[in-house]
Amino acid sequence: MIKIQQSATAFALLALTAGGAWAAKADVTIGMQLEPPHLDPTSAAAGAIDQALYSNVFEGLTRFGPDGSVGPGLAESWEISADGTMYTFNLREGVKFHDGTDFEATDVVFSLDRARAEDSANAQKALFSGIKSVEAIDPTTVVVTLNAPQGNFLFNMAWGDAVIVAPESIDDIKSNPVGTGAFKFSEWKRGDSITIERNADYWGAAPALEQATFKYISEPTAAFSAMMAGDIDAFYSYPAPENLVQFEADPRFTVLAGNTEGETILAINNKMEPFGDVRVRKAVSMAIDRQAIIDGAMFGYGTPIGTHFAPHHPDYVDLTGNAPHDPEGAKALLAEAGYPDGFETTLKLPPPSYARRGGEIIAAQLRDVGIEAEISNLEWAQWLEQVFRGYDYGLTIVSHTEPMDIGIYARPTYYFQYDNPEFQALITALSVENDPATRTEMLQEAQRIISEDYVNGFLFQLALTSVVDARLDGIWPDAPTQAVDLTGVSWTE
Amino acid sequence: MTEDGLFRAALKSRNLVVGHLLAAAFAIGALLSLFWTPYDVTELTIATRLQAPSAVHWFGTDHFGRDILSMIMVGAQTSIAVAIVAVGIGMGIGVPLGLAAAARRGRLLDETIMRGNDLVFAFPSLLIAIMITTVFGPSALNAIIAIGIFNIPVFARLTRGAALPLWTRDYILSARVSGKGPVRISVEHILPNVTNLLIVQGTIQFSLGILAEAALSYVGLGVQPPTPSWGRMLADSQTLIAIAPHMAMFPGFAILLTVLGLNLAGDGLRDLLDPRIRNA
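Since the structure is predicted, the reported quantities are computational estimates derived from the model, not experimental observations.

Draft legend 1. Representation of the overall build of chain B within the structure. Looking only at helices and strands, chain B has twelve helices and zero strands in total. Reported as C-alpha extents along the three principal axes, the dimensions of chain B are approximately 75 × 50 × 30 Å. Expressed as a percentage of the 280 residues in chain B, the buried residues total 45%. A separation of at least 24 residues holds for 69% of the contacts in chain B among residues at least 6 apart in sequence. Accessible surface computed for chain B: about 13500 Å², of which carbon and sulfur atoms make up 69%. For chain B, the centre of its 19 positive side-chain charges and the centre of its 16 negative side-chain charges are spaced 11 Å apart.

This is the structure we're talking about:
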């Protein structure tokens, strides 16, 4: 009897200590697919840098919330002059960089001047092109003067490319990033992982996590085993949608299915014959069965789109009806355009599975209307060289993950080479428009123009599917920007 | 031994019979697929994807709803075509090189050919194949050339090695005395005497060719979609193995059984054709 009691007590103690261990868990390991090339978000296009560092290590004047809304960051508040060209930012007081130096207005001047300089390596220089001058009035006040009113200036300042860096630490930023965020950079094991630690001197609410590790696993099968074995607590943007069914059935995991800003398109080389003819482009769009692609390539995860705009955005117009799946109609259009027997073209596919799998499905659908698309699978470097910079392709599939990027259709030298002065004028007008109602109208008009011009085959909005330990709370389900913001993540139980 | 005796001996060799039966099964499948397959392999029916083997789809369907049996039949065609041409390249270039080296043994030509072979041999064969397909782009043709190239030194060495002792034989000497040149002697007297060896080696290289094609396709450097290939079928099945194991099993077995069959056939042929082993 006594023995039983003893062991029961021991068991209770054991349970207690075990429970205590759980409560104390304050670190997290997050699996990611792509490792950053270096750690300076202000000088590279690589989204992997922002994913690890945005909001965690680096902060901007404004910041994105989980729903894509723009809120105060290092600027506590701001005033906009009546003509819309002068922004006065009131900065937070007592903010320190991770190296102990103070964050002041001069750092903002330095960061913005650096980003918009002639020789700047910033990947999104357009964000800063409207800035005329940046002045520090006193240590906590910065005035930004614009050339013309700019409707989305606060949005622009929330981007990962617009984060505030310090002149003291800029030389080593690529290997030792120093920001103002809730976490400070701790270690980068190249080819393996990046570790960040809680910043004890953080100006805002302290994060629940003491330490976080981003572990880079590019192979879907390796990601699956690591998740199943418990080596990682979450996998952000899980690369193999086919495994999600299993994770969903497993009570240990939660599958977060959210939206990304990734419009997945069948890009058409508008300057390559026969794609110069809008009837041919329309025929291509009508040959495509979007739902079959979403089911076949993404295992049902994804939302069909009819234009280059995110469906979760309030200004989105559903234009999928402009190109319904209609192989017979597509054949008739091809005949009308002078290709009754179809034609041959190339379909160059980058590595992601949405492209490789989607490409096989699209090639089969195009074959049904007589278009023979010869598939070639390319690595990213080859894709950038041949397709993105070399214009040497007929068709390709890629997901455009930048938020609000409809403006790329106004660049005639962009890789799909769409040149429409009407559209370019609209985007120019949009960039100086401040009135929300007019902006909505203009954005919707822009969506209609590219949809009715059948510039590209608009396929689906890429779903963001993350697999998360069921006890982990606070991972953003959506990706309003390229970020894995861990400031609000905690363990429950 | 008479023709009849050779045939009877062949039937007695279990390796030879089993090997040939396996290889023949796939050859027949490939031939049949030229005219007929249960389903069209280029037609995707997403609605019926990832179905387990059943009476309708004997080997099940893949992630695009294609019939796996049909894909294996057409894939056999791909494998066999690549392997035949690759072995053809290897023999077509390697054998003459080997004969020439043997005819000019010890001289500059021999040295040049054999050191050139060593150079090709020095690189792991798959590495060369990956290099070629990366530089010139992935396609069936480049895969064939790549696999063919590393077959050349195999045949060159084998031919030279087998031809060298023949050159010291009396009947070669009498041929030389009667005024035949080295080219004629090589073709008329040396080649027929090394054919047995070449057939055996060709069978083995054929199975290696099938394996190499599967490996190249597995990493995406072989035959491009939509042409089915066993290697790519395996690669496609990789992340689906937990929910659709049949997608990996059938192409895997296809590769295993074909290669096994060809190796058994090669072993059996060697036993049959090599006089030293046959008489033992």
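Draft legend 2. Expanded view of the interface of chain A and chain B. The interface is formed by 20 residues belonging to chain A together with 19 residues belonging to chain B. For the pairing of chain A and chain B, the buried interface totals around 1700 Å² over both sides, and the portion due to carbon and sulfur atoms is 58%. If you look at where chain A meets chain B, you find five residue pairs in polar contact (both at pLDDT 80 or more). Sorting the residues of the side of chain A that touches chain B by element identifies α5 (220-229), α8 (290-298), α10 (353-368) and β15 (372-377) of chain A as the ones contributing at least two each.

Draft legend 3. Examining the environment of E261 of chain A more closely. All names here are of chain A. With respect to the helices and strands, E261 occurs in strand β12 (residues 253-268). Take E261: its relative accessible area is 10%, and that puts it in the buried class. Along the primary structure E261 and Y415 are separated by 154 residues, whereas in three dimensions their C-alpha atoms are 19 Å apart. Sequence-distant contacts of E261, that is, excluding residues within four places in its chain, are made with A310, H312, H400, T401, E402, P403, M404, Q461, A479 and P480.

Draft legend 4. Broad picture of the packing of aromatic side chains. Tallied over the entire structure, the rule returns 31 aromatic pairs over all chains. Consider the rings of F388 of chain A and Y414 of chain A, whose centres lie 5.5 Å apart with planes at 85 degrees: the pair is edge-to-face. Linking F388 of chain A in helix α11 (residues 380-389) with Y414 of chain A in the loop between β16 (395-400) and α12 (421-431), this pair joins segments that are 26 residues apart in sequence. Each ring, one from Y415 of chain A and one from F416 of chain A, has its centre 5.1 Å from the other, and the planes form 65 degrees; the classification is edge-to-face. Y415 of chain A sits in the buried class, given a relative accessible area of 0%. Taken together through their ring pairs, the aromatic side chains of W380, W383, F388, Y393, Y409, Y414, Y415, F416, Y418, F423 and F458 of chain A make up a single cluster. Above the face of the F299 of chain A ring, R49 of chain B is positioned so that its terminal group lies 5.0 Å from the ring centre.

Draft legend 5. Looking closely at the environment of I89 of chain B. Residues and elements named next belong to chain B. Looking at the element boundaries, I89 is found in helix α3 (residues 68-103). The partly exposed category is assigned to I89, whose relative accessible area is 24%. Once you skip the residues sitting within four places of it in the chain, I89 turns out to touch G94, I144, I145, G148 and I152.

The rules we used
Residues numbered from 1 in each chain as written. Chains lettered and ligands numbered in written order. Predicted model: local features only at pLDDT ≥ 70, side-chain atom pairs only at ≥ 80, totals over all residues. Heavy atoms only, no water. Helix = DSSP H or I, 4+ residues; strand = E, 2+ residues; numbered from the N terminus. Buried < 20%, exposed > 50% of the residue type's maximum accessible area, 1.4 Å probe, protein only. Contact = heavy atoms within 4.5 Å. Areas by Shrake-Rupley, 256 points an atom, 1.4 Å probe, with all protein chains shown as cover. Lys, Arg positive; Asp, Glu negative; His and termini not counted. Charge placed at Lys NZ, Arg CZ, Asp CG, Glu CD. Buried area = accessible area lost by both parts, 1.4 Å probe. Polar contact = N/O pair within 3.5 Å; in protein donor to acceptor, adjacent residues only side chain to side chain. Phe/Tyr/Trp six-rings, centres within 6.5 Å; stacked < 30°, edge-to-face > 60°. Lys NZ or Arg CZ within 6 Å of the ring centre and 35° of its normal.

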